[in-house]
Amino acid sequence: MSNKLKVKPYKSLGHLDFKEIEVSTKSWNMESHKTVNKLVAESQDSNSPVTEFDAYCKIIETVTTLPDEEVFKLSDHEIQAIGIKVIQEFSKKK
(Lines give C-alpha, C1' and ligand atoms only; values in the text may rest on other atoms or scores of the structure.)
Protein backbone atom coordinates (compact mmCIF):
# COMPACT_ATOMS: atom_id res chain seq x y z
CA MET A 1 0.00 0.00 0.00
CA SER A 2 1.25 3.41 -0.91
CA ASN A 3 1.78 5.92 1.88
CA LYS A 4 -0.25 8.54 -0.03
CA LEU A 5 -3.87 8.34 -1.00
CA LYS A 6 -5.28 10.56 -3.75
CA VAL A 7 -8.93 11.37 -3.10
CA LYS A 8 -11.19 12.83 -5.74
CA PRO A 9 -14.64 14.25 -5.11
CA TYR A 10 -17.58 11.95 -5.80
CA LYS A 11 -19.73 14.10 -8.07
CA SER A 12 -22.56 11.55 -7.79
CA LEU A 13 -22.71 12.33 -4.05
CA GLY A 14 -22.79 16.08 -4.64
CA HIS A 15 -19.14 16.72 -3.84
CA LEU A 16 -18.63 20.03 -5.60
CA ASP A 17 -16.76 21.94 -2.91
CA PHE A 18 -13.24 20.54 -3.33
CA LYS A 19 -10.71 19.32 -5.85
CA GLU A 20 -8.49 16.25 -5.52
CA ILE A 21 -6.71 16.04 -2.18
CA GLU A 22 -3.86 13.83 -1.05
CA VAL A 23 -3.55 12.33 2.42
CA SER A 24 -0.70 10.42 3.99
CA THR A 25 -1.51 7.01 5.35
CA LYS A 26 -0.20 4.91 8.17
CA SER A 27 1.04 1.43 7.48
CA TRP A 28 -2.07 -0.65 6.80
CA ASN A 29 -2.39 -4.15 8.17
CA MET A 30 -5.01 -6.77 8.91
CA GLU A 31 -6.01 -5.03 12.15
CA SER A 32 -6.75 -1.75 10.36
CA HIS A 33 -8.62 -3.71 7.66
CA LYS A 34 -10.81 -5.37 10.31
CA THR A 35 -11.44 -2.03 12.01
CA VAL A 36 -12.58 -0.42 8.76
CA ASN A 37 -14.89 -3.34 7.94
CA LYS A 38 -16.34 -3.27 11.46
CA LEU A 39 -17.01 0.47 11.24
CA VAL A 40 -18.75 0.06 7.89
CA ALA A 41 -20.95 -2.73 9.26
CA GLU A 42 -21.81 -0.78 12.40
CA SER A 43 -22.72 2.35 10.44
CA GLN A 44 -25.12 0.32 8.29
CA ASP A 45 -26.85 -1.26 11.30
CA SER A 46 -29.95 0.78 12.16
CA ASN A 47 -29.63 -0.27 15.83
CA SER A 48 -26.06 1.02 16.10
CA PRO A 49 -25.27 4.50 17.39
CA VAL A 50 -22.40 4.72 14.87
CA THR A 51 -23.37 7.00 11.97
CA GLU A 52 -21.71 6.97 8.55
CA PHE A 53 -20.01 10.25 9.44
CA ASP A 54 -18.72 8.77 12.71
CA ALA A 55 -17.36 5.80 10.75
CA TYR A 56 -15.60 8.03 8.20
CA CYS A 57 -13.98 10.06 10.97
CA LYS A 58 -12.80 6.92 12.79
CA ILE A 59 -11.51 5.47 9.52
CA ILE A 60 -9.49 8.63 8.91
CA GLU A 61 -8.14 8.47 12.46
CA THR A 62 -7.25 4.79 12.10
CA VAL A 63 -5.54 4.71 8.71
CA THR A 64 -4.27 8.21 7.92
CA THR A 65 -1.76 10.49 9.55
CA LEU A 66 -4.15 13.45 9.60
CA PRO A 67 -4.33 14.98 13.08
CA ASP A 68 -7.76 15.83 14.53
CA GLU A 69 -7.12 19.54 13.98
CA GLU A 70 -6.70 18.98 10.23
CA VAL A 71 -9.71 16.67 9.99
CA PHE A 72 -11.79 19.33 11.76
CA LYS A 73 -10.88 21.79 8.99
CA LEU A 74 -12.11 19.43 6.26
CA SER A 75 -15.59 19.75 4.80
CA ASP A 76 -18.10 16.96 5.40
CA HIS A 77 -17.72 16.02 1.73
CA GLU A 78 -13.94 15.72 2.02
CA ILE A 79 -14.30 13.51 5.11
CA GLN A 80 -16.85 11.35 3.32
CA ALA A 81 -14.67 11.07 0.21
CA ILE A 82 -11.59 10.06 2.20
CA GLY A 83 -13.60 7.43 4.09
CA ILE A 84 -15.08 6.01 0.89
CA LYS A 85 -11.68 5.95 -0.84
CA VAL A 86 -10.15 4.03 2.08
CA ILE A 87 -13.02 1.52 2.05
CA GLN A 88 -12.54 1.03 -1.71
CA GLU A 89 -8.79 0.53 -1.29
CA PHE A 90 -9.33 -2.13 1.37
CA SER A 91 -11.92 -3.84 -0.86
CA LYS A 92 -9.49 -4.22 -3.77
CA LYS A 93 -7.94 -7.60 -4.36
CA LYS A 94 -4.31 -7.43 -3.27
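The preceding data block contains the structure.
Residues numbered from 1 in each chain as written. Predicted model: local features only at pLDDT ≥ 70, side-chain atom pairs only at ≥ 80, totals over all residues. Heavy atoms only, no water.

Here the focus is the pattern of salt bridges. Between side chains of opposite charge, pairing is possible as soon as their charged atoms come close. By the definition in use, this model includes five salt bridges. With a shortest N-O distance of 3.2 Å, Lys58 and Glu61 are connected by a salt bridge. One end of the pair is Lys58 and the other is Glu61, both in helix H2 (residues 52-63) and three residues apart, which spans about a single turn. When salt bridges with common partners are traced through the structure, they connect Lys85, Glu89 and Lys92 into a single cluster. (Salt bridge = Lys/Arg side-chain N within 4 Å of Asp/Glu carboxyl O. Helix = DSSP H or I, 4+ residues; strand = E, 2+ residues; numbered from the N terminus.)

Between its terminal C-alpha atoms helix H4 (residues 76-91) stretches 23 Å, which fits the 22 Å expected from 16 residues at 1.5 Å a residue. Turning to H4, its buried residues number three or more, namely Glu78, Ile79, Gln80, Ala81, Ile82, Gly83, Ile84, Val86, Glu89 and Phe90. Those residues of H4 that are buried lie in contact with strand S1 (4-7), strand S2 (21-24), helix H1 (30-44), H2 and helix H3 (68-73). (Expected span 1.5 Å × (residues − 1). Buried < 20%, exposed > 50% of the residue type's maximum accessible area, 1.4 Å probe, protein only. Contact = heavy atoms within 4.5 Å.)

Attention now moves to the pairing of S2. Burial along S2 is one-sided: Ile21 and Val23 are buried, and none of Glu22 and Ser24, which face the opposite way, are. Pairing of S1 with S2 involves four bridges; the strand directions are antiparallel. When the bridges of S2 are listed, Lys6 appears paired with Glu22. (Pairing = 2+ DSSP bridges.)

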